[in-house]
Amino acid sequence: MQQSRTGRQLTLSHGTHRAVIVELGAALRSYAVGERTVIDGFAEQDGITGGRGQILVPWPNRIRDGRYPWDGQDLQLPLTEPAGGNAIHGLLRWVAWQVVEASGSRAVLEVPLWPQPGYPFHLHVRAEYALGESGLEVAVTARNLDTSAAPYGFGQHPYITPGTALVDQAVLTVPARTWLRTDERGLPVAAEPVAGTEYDLRTPRAVGALRLDTPFGDLDRDADGRAVVRLAHPSGAFGTDVWLGEGADYVQLYTGDTLPQGERRRAVAVEPMTCPPGRLPQRRGARRPRPRRAAHRPLGDHAVGRVTAPSRSPI
């Protein structure tokens, strides 16, 4: 039997809800409710492609040229997206996380982020997955082990499937008043109003031929402080909401047009982010700041998502 390429497989279940978390990167491999697949993930014997289900720490998205200033230094990260000349999606995607708890409907994984070239800061990161009646909750806590502040951002990269062969027929709602126009490297060059553009998704509409690898900001929120991204089946019979709470000020939508043939446009990546693409947060935090916490419940049968992310300030 072929060994898994993503390490230990942690199966969680609660009623009709079932999810699998993997040791590599503490990624979400699969999630389903009954017979309905909610996440477009990957098989046990496959590697992770397209960032599927990965936790993005200590930054989501891209850093321009892999460079950023901090405390009077110019720091240089490895260019992990060589074609674009960017550092992408953090430093913990391809690291084995330690499984500290795995039972029934709950799993906890932890990993140290050691000081290294380009990111000379020492963090301890913990991911807690739990299934319940309302869906799957992911709580990510980052603790700063240094005596001074560290730049920090958080994101996650689940691909939501609408239950159709392609996303073109799915109905998408994004409560954003601005979109970030990006260059050929995927880096933002300007924030522009969505009004009057193809990126105005504040009212539900079919995805159609729209190609998205697009950050959105200025999110409208409900009375509970949530911004809700919804991907629904065209019949209206079911769908999935991703709730973005306080601190998740941006969301990236990706229709997968640059993925390998056969993977394109079969799901929409809904990526909550605590900072915009292009740079790490630059605000200073207190010395030995308290941990920030991110809870992510993107998944369930209809409206079952919540994202409560860390603030944009450094930790």
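What comes next concerns the included structure. Quick caveat, the model's predicted, so the values are computed rather than measured.

How each quantity is defined
Residues numbered from 1 in each chain as written. Predicted model: local features only at pLDDT ≥ 70, side-chain atom pairs only at ≥ 80, totals over all residues. Heavy atoms only, no water. Helix = DSSP H or I, 4+ residues; strand = E, 2+ residues; numbered from the N terminus. Buried < 20%, exposed > 50% of the residue type's maximum accessible area, 1.4 Å probe, protein only. Contact = heavy atoms within 4.5 Å. Areas by Shrake-Rupley, 256 points an atom, 1.4 Å probe, with all protein chains shown as cover. Pairing = 2+ DSSP bridges. Salt bridge = Lys/Arg side-chain N within 4 Å of Asp/Glu carboxyl O.

Focus: the overall build of the chain
Inference 1: When its secondary structure is counted, the chain shows 0 helices and 26 strands.
Inference 2: For the chain, buried positions account for 56% of its 315 residues.
Inference 3: Summarising the internal contacts of the chain: among those between residues at least 6 apart in sequence, 65% fall at separations of at least 24.
Inference 4: With an accessible surface of roughly 13,000 Å², the chain has 49% of that area assigned to carbon and sulfur atoms.

What about the pairing of strand 1 (residues 9-14)?
A regular strand places its side chains on the two faces of the sheet in alternate fashion.
Inference 1: Bridging between strand 1 and strand 2 (residues 17-22) involves 6 bridges; their strand directions are antiparallel. Bridge pairing links Q9 to V22 in strand 2.
Inference 2: Counted along the chain from strand 1 to the antiparallel partner strand 2, the turn is 2 residues long, and its residue G15 has a positive phi close to 55 degrees.

Some points on the pattern of salt bridges
Inference 1: Applying the stated criterion across every chain yields a total of 21 salt bridges.
Inference 2: Via salt bridges that share partners, E101, R106, E110, R126 and E128 belong to a single interconnected network.

Some details on the environment of H157
Inference 1: Following the sequence through the fold, H157 ends up in the loop between strand 14 (155-156) and strand 15 (159-160).
Inference 2: You can call H157 buried: its relative accessible area is 4%.
Inference 3: With 106 residues separating them in the primary sequence, H157 and G51 have C-alpha atoms 6.2 Å apart.
Inference 4: Those residues in contact with H157 that sit more than four places away from it in its chain are G50, G51, R52, G53, Q54, L56, H89, A269 and E271.

Quick word on unusual backbone geometry
Inference 1: Residue P58 is bonded to the preceding V57 through a cis peptide linkage, with omega at 10 degrees.
Inference 2: The residue P58 is located in the loop between strand 5 (55-56) and strand 6 (62-64) in this model.
Inference 3: Located in the positive-phi region is A26, a residue other than glycine, with phi close to 50 degrees.
Inference 4: Take A26: it is sitting in the loop between strand 2 and strand 3 (28-33).
Inference 5: Notably, D65 is not glycine yet its phi reads approximately 60 degrees, a positive angle.
Inference 6: Among the structural elements, D65 can be located in the loop between strand 6 and strand 7 (67-70).

From the geometry alone we can't say anything about function, so treat these as descriptive.
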